Amino acid sequence: MNWDEAIKITEEFVRQNLTGYDSGHDWWHIDRVRNVALFINEQEAIADPFTLEIAALLHDSVDSKFSDENIDLGYSGIDKFMDKTGLTEIKEQIIEVIRNVSFSNKNPSGNLTDPVLLIIQDADRLDAIGAIGIARAFNYGGFRNNVIYNPDIELSADNLEGKRQNFTQSTISHFYEKLLLLKYRMNTLTAKRLAVERHEFLEIFLKQFYKEWEFVTGVRNS
Ligand code: ADP
Ligand code: NI
């Protein structure tokens with residue numbers, strides 16, 4: 001099977017697997033991560049482009065928020081798919097990348113300096129900030145039925161109450177628990193550069209958000 005065919009078949013596999021996910025994890029997220037990952041690699045030239053593209057396509061095929069049983073099923077599905085598609089040679093590497101890519105993965109293991117992993121982490125994190133990141137956050141918050149903002153909740157990366165309860169109390173809190181930290185977690189120089197504008201946009205958004213929020217409460221209180 002040639003390169004283009006393998007990519008096409010992987011795209012189809014991913015599209016079939018994604019049904020049932022929240023729309024922040026839809027096909028277009030995968031497509032953006034793939035494109036940004038390939039762009040980063042064009043600048044950095046550190047990863048094999050074919051392996052990188054396959055890994056980008058598969059990176060969200062197993063969600064750590066699933067039950068253990070479904071996680072095992074997810075990995076064995078990828079394992080079988082890759083053998084069937086003639087990708088056995090890169091199978092172990094790809095599965096390791098999928099295991100390690102998530103921001104929320106607290107037990108990373110294996111080769112944490114694989115350039116494929118570093119680039120996909122960057123592309124995935126870039127998609128969580130900027131205008132698109134904001135859209136995804138509020139989309140996810142709606143999916144979870146979270147409030148957009150609650151002025152009584154402490155906003156900080158180590159909001160102890162949020163940590164203890166292990167859930168985000170408002171979508172604005174998610175900015176402080178994750179989104180505003182991502183700029184500092186980029187691996188490649190290219191991603192660090194791309195993160196600057198997107199991070200600034202988060203700050204502009206928050207500033208305007210509080211301005212409008214306080215305008216309304218200010219009028220009511222006066
Ligand atoms: P990852 O797989 O990188 O750990 P997640 O699956 O946790 O990422 O998140 C996917 C998307 O949903 C991201 O855009 C992230 O910012 C958003 N998201 C995750 N948790 C929350 C939350 N509690 N509130 C709002 N957005 C969230
Ligand atoms: Ni992703």
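Residues numbered from 1 in each chain as written. Chains lettered and ligands numbered in written order. Predicted model: local features only at pLDDT ≥ 70, side-chain atom pairs only at ≥ 80, totals over all residues. Heavy atoms only, no water.

A. Quick peek at the coordination of the nickel ion (ligand 2). Protein coordination at the nickel ion (ligand 2) comes from His29 (NE2), His59 (NE2), Asp60 (OD) and Asp124 (OD), with a distance range of 2.1 to 2.2 Å. Geometry at the nickel ion (ligand 2) is irregular, judged from the four donor atoms that bind it and their angles of 86 to 176° at the metal. Of note, the nickel ion (ligand 2) draws all its donor residues from one chain, in the sequence arrangement H-x29-H-D-x63-D. Of this pair, His29 sits in helix α2 (residues 27-44) while Asp60 is found in the loop between α3 (49-58) and α4 (68-84), placing the two residues 31 residues apart along the sequence. Each of the two residues, His29 as well as Asp60, counts as buried. (Donors = N, O, S within 2.8 Å, 3.2 Å for Na, K, Ca; no water. Tetrahedral: all angles 85-135°; square planar, octahedral: opposite > 155°, others 65-115°. Helix = DSSP H or I, 4+ residues; strand = E, 2+ residues; numbered from the N terminus. Buried < 20%, exposed > 50% of the residue type's maximum accessible area, 1.4 Å probe, protein only.)

B. Representation of helix α5 (residues 88-100) within the structure. Compared with an ideal rise of 1.5 Å per residue, which puts 13 residues at 18 Å, α5 spans 19 Å between its outermost C-alpha atoms and is within 8% of the ideal. Those residues of α5 that fall on the buried side of the exposure criterion are Ile90, Lys91, Ile94, Ile95, Val97, Ile98 and Asn100. Buried-residue contacts for α5 involve α3, α4 and α6 (115-126). (Expected span 1.5 Å × (residues − 1). Contact = heavy atoms within 4.5 Å.)

C. Spotlight on the environment of Leu181. Note on placement: Leu181 falls in the loop between α9 (171-177) and α10 (189-221). In this structure, Leu181 is in contact with Ala157 and Tyr176, ignoring residues within four places of it in sequence.

D. Representation of the pattern of salt bridges within the structure. Applying the stated rule across the entire model yields seven salt bridges. For the salt bridge of Glu11 with Arg34, the shortest nitrogen-to-oxygen distance reads 2.9 Å. With Glu11 in helix α1 (residues 3-18) and Arg34 in helix α2, this pair connects stretches of sequence that are 23 residues apart. Close ionic contact of Lys91 with Asp79 constitutes a salt bridge, the shortest N to O distance being 3.1 Å. On the criterion of sequence distance, the pair formed by Lys91 in helix α5 and Asp79 in helix α4 is long-range, its members being twelve residues apart. Using a relative accessible area of 25% as the deciding quantity, one classes Asp79 as partly exposed. (Salt bridge = Lys/Arg side-chain N within 4 Å of Asp/Glu carboxyl O.)

E. Spotlight on empty space enclosed by the protein. A full pass over the atoms with the stated rule returns one cavity of 30 Å³ or more. Volume-wise, the largest cavity comes out at about 30 Å³. Lining the largest cavity are Gln93, Glu96, Val97, Asn100, Asn111, Asp114 and Leu117. Broken down by element, the residue count for the lining of the largest cavity peaks at four residues, all from α5. Of the residues assigned to the lining of the largest cavity, the class counts are two nonpolar, three polar and two charged. (1 Å grid on protein atoms, 1.4 Å probe; cavity = no way out; pocket = protein on both sides within 12 Å on 5 of 7 lines; lining within 4 Å. Points joined across faces, edges and corners; volume = space filled by probe spheres on them. Nonpolar A, V, L, I, M, F, W, Y, C, P; charged D, E, K, R; others polar.)

F. Seen up close, the side chain of Thr10. Here Thr10 is to be found in helix α1. If sequence neighbours within four positions are ignored, Thr10 has contacts with Ile54, Leu57, Leu58, Phe81 and Leu87.

G. Layout of the packing of aromatic side chains. Applying the stated criterion across every chain, the model contains twelve aromatic pairs. For the ring pair Tyr149 and Phe209, a centre distance of 5.5 Å and an interplane angle of 85° mean the geometry is edge-to-face. With Tyr149 in the loop between α7 (130-143) and α8 (160-165) and Phe209 in helix α10, this pair connects stretches of sequence that are 60 residues apart. Comparing Tyr149 with Phe209 shows no difference in burial state: the two are buried. Their ring planes at 10° and their centres at 5.8 Å tell us that Phe175 and Phe205 sit as a pair that is stacked. Here Phe205 lies in helix α10 and Phe175 lies in helix α9, a separation of 30 residues in the sequence. (Phe/Tyr/Trp six-rings, centres within 6.5 Å; stacked < 30°, edge-to-face > 60°.)

H. Broad picture of the packing of α1 against α3. At a closest axis distance of 9 Å, the pairing of α1 and α3 adopts a crossing angle of 10°. One finds that α1 runs roughly parallel with respect to α3. Two secondary-structure elements touch here, α1 through Trp3, Ala6, Ile7, Thr10, Glu11, Phe13 and Val14 and α3 through Pro49, Phe50, Glu53, Ile54, Leu57 and Leu58. A per-class count over the contact of α1 with α3 returns ten nonpolar, one polar and two charged. (Axes fitted to C-alpha atoms, helices over the stretch in contact; angles between N-to-C directions. Parallel < 35°, antiparallel > 145°, perpendicular 65-115°, else oblique.)

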